[in-house]
Amino acid sequence: MFTLIKREIRDHVAYFIGAAVLSAIFIIISISIASQYESLRKAGRNFRAPEITLGIGIPTAVLVIIGICGLGAAQMYLDRSRKISAFLSTLAVSRSRILLARIVTGILVILTLLLPVAITIATLLRLYVPPVLVYPGMVFDIFIAVFLMAFACYCIGLQTGWTSGKVTPTLGGIALACIFVPLIFVKGFGLQIVVILVLFIIASLIRIRHTFMTTSL
């Protein structure tokens, strides 16, 4: 299993590099915003957090959707075009393990992007923002919702990538994933969005497994 995961990581190392670079950029931006907040607070001026959050959040969501959907679609497309699963099956490796290794790799890419940012933001909030303005577990709730959103987009990419063609499945996955983004603005980061995303992910994984197990390689 570990060998399969290493193979997936090696084949899609560009996504890990992109996730790490994007994560570093967001960390730098977060530190810059925190420094600006502290300077304005000491000067007695107002800090426009909503505008800054919106300005950063929208590009972030777009980049995550494109990248994560593209990863799922690329994994499945390369599988079909290069007959990777067909080759691995000759080595007495089950399809379930191949698919599981693929999904684990996708989760690792998502965590590479989101986890350092979440840790940085939690630290900055503890250092600069008064406790009265931050409820306990706020960063955790946001991280869970964003992670599930990214994983749902990844599942869409896996489903659309298991078709002929290369560009069309990716674009189709991005279009479908964009439907979920407004849910965060409508439902927030509470229990409702978590339940919706979890149900979608479960249904997607069931469909992905069924398709992967029954389609000829």
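Below is a summary of the structure that appears in this document. (Residues numbered from 1 in each chain as written. Predicted model: local features only at pLDDT ≥ 70, side-chain atom pairs only at ≥ 80, totals over all residues. Heavy atoms only, no water.)

## Comments concerning a nonpolar patch on the surface
Our working definition: Patches in this entry comprise residues that are over 30% relatively accessible and not in a salt bridge; like charges within 9 Å are linked, as are nonpolar side chains (Val, Leu, Ile, Met, Phe, Trp, Tyr) within 5 Å. Computed by Shrake-Rupley with a 1.4 Å probe, the accessible areas treat only the displayed protein chains as cover when residues are assessed. One side-chain nitrogen of Lys or Arg within 4 Å of one carboxyl oxygen of Asp or Glu is enough to make a salt bridge. Here a helix means four or more residues in a row that DSSP labels H or I, a strand means two or more in a row labelled E, and each is numbered from the N terminus.
Together, Val-13, Ile-17, Val-21, Ile-25 and Ile-29 make up a nonpolar patch on the protein surface, roughly 390 Å² of accessible area in all. Among the structural elements, Ile-29 can be located in helix H2 (residues 13-43).

## Overview of the pattern of salt bridges
In this structure the tally under the stated criterion is one salt bridge. The closest approach of N and O atoms between Glu-8 and Arg-102, which form a salt bridge, is 3.3 Å. With Glu-8 in helix H1 (residues 2-11) and Arg-102 in helix H5 (residues 95-128), this residue pair connects regions lying 94 residues apart in the sequence.

## Observations concerning H1
What counts here: Each residue's exposure class comes from its accessible area (1.4 Å probe, protein chains only) as a fraction of the maximum for that residue type: buried when under 20%, exposed when over 50%, partly exposed otherwise. The arc refers to the directions leading from the helix axis to the C-beta atoms.
Regarding H1, the residues found buried are Leu-4, Ile-5 and Glu-8. End-on view of H1: buried residues confined to an arc of 100°, all on one side of the axis. Of the residues in H1, the exposed ones pointing more than 90 degrees away from the buried face are Phe-2, Thr-3 and Arg-10.

## Concerning the side chain of Thr-105
What counts here: In protein, a polar contact requires one atom able to donate a hydrogen and another able to accept it; more generally it is a pair of N or O atoms within 3.5 Å, and residues adjacent in sequence count only if both atoms are side-chain atoms. Contacts: residue pairs with any heavy atoms within 4.5 Å of one another.
When you line up the elements, Thr-105 lands in helix H5. Among the polar contacts listed, one links the side chain of Thr-105 to the backbone oxygen of Ala-101, at a separation of 2.8 Å. Ignoring any residue separated from it by four or fewer positions in sequence, one finds Thr-105 in contact with Ile-5, Glu-8, Ile-9, Phe-16 and Gln-75.

## Details of the environment of Tyr-154
Looking at where Tyr-154 falls in the secondary structure, it is placed in helix H6 (residues 138-161). Each C-alpha atom, one on Tyr-154 and one on Ile-110, is 9.0 Å from the other, the two residues being 44 residues apart in sequence.

## So, the packing of H1 against H5
How two helices pack is summed up by the angle between their axes together with the distance between the axes. For the record, the criterion: For helices, the fitted line uses only the C-alpha atoms of the stretch in contact; every axis is such a line through C-alpha atoms, and the angle between N-to-C directions lies from 0 to 180 degrees. Orientation categories follow fixed angle ranges, with anything under 35 degrees roughly parallel, anything over 145 roughly antiparallel, 65 to 115 roughly perpendicular, and all other angles oblique. Each crossing gets its handedness from the near helix: less than a right angle anticlockwise from the far helix is left-handed, clockwise is right-handed. When residues are sorted by character, Ala, Val, Leu, Ile, Met, Phe, Trp, Tyr, Cys and Pro go into the nonpolar class, Asp, Glu, Lys and Arg into the charged class, and all the rest, Gly among them, into the polar class.
At a closest axis distance of 9 Å, the pairing of H1 and H5 adopts a crossing angle of 50°. Comparing the axis directions of H1 and H5 gives the class oblique. Taken as a pair, H1 and H5 cross one another with a handedness that is right-handed. Here Leu-4, Ile-5, Glu-8 and Ile-9 of H1 lie close against H5, whose contacting residues are Arg-97, Ile-98, Ala-101, Arg-102, Val-104, Thr-105 and Leu-108. Across the contact of H1 with H5, the residue classes break down as seven nonpolar, one polar and three charged.

Any functional reading would require information beyond the geometric quantities listed.
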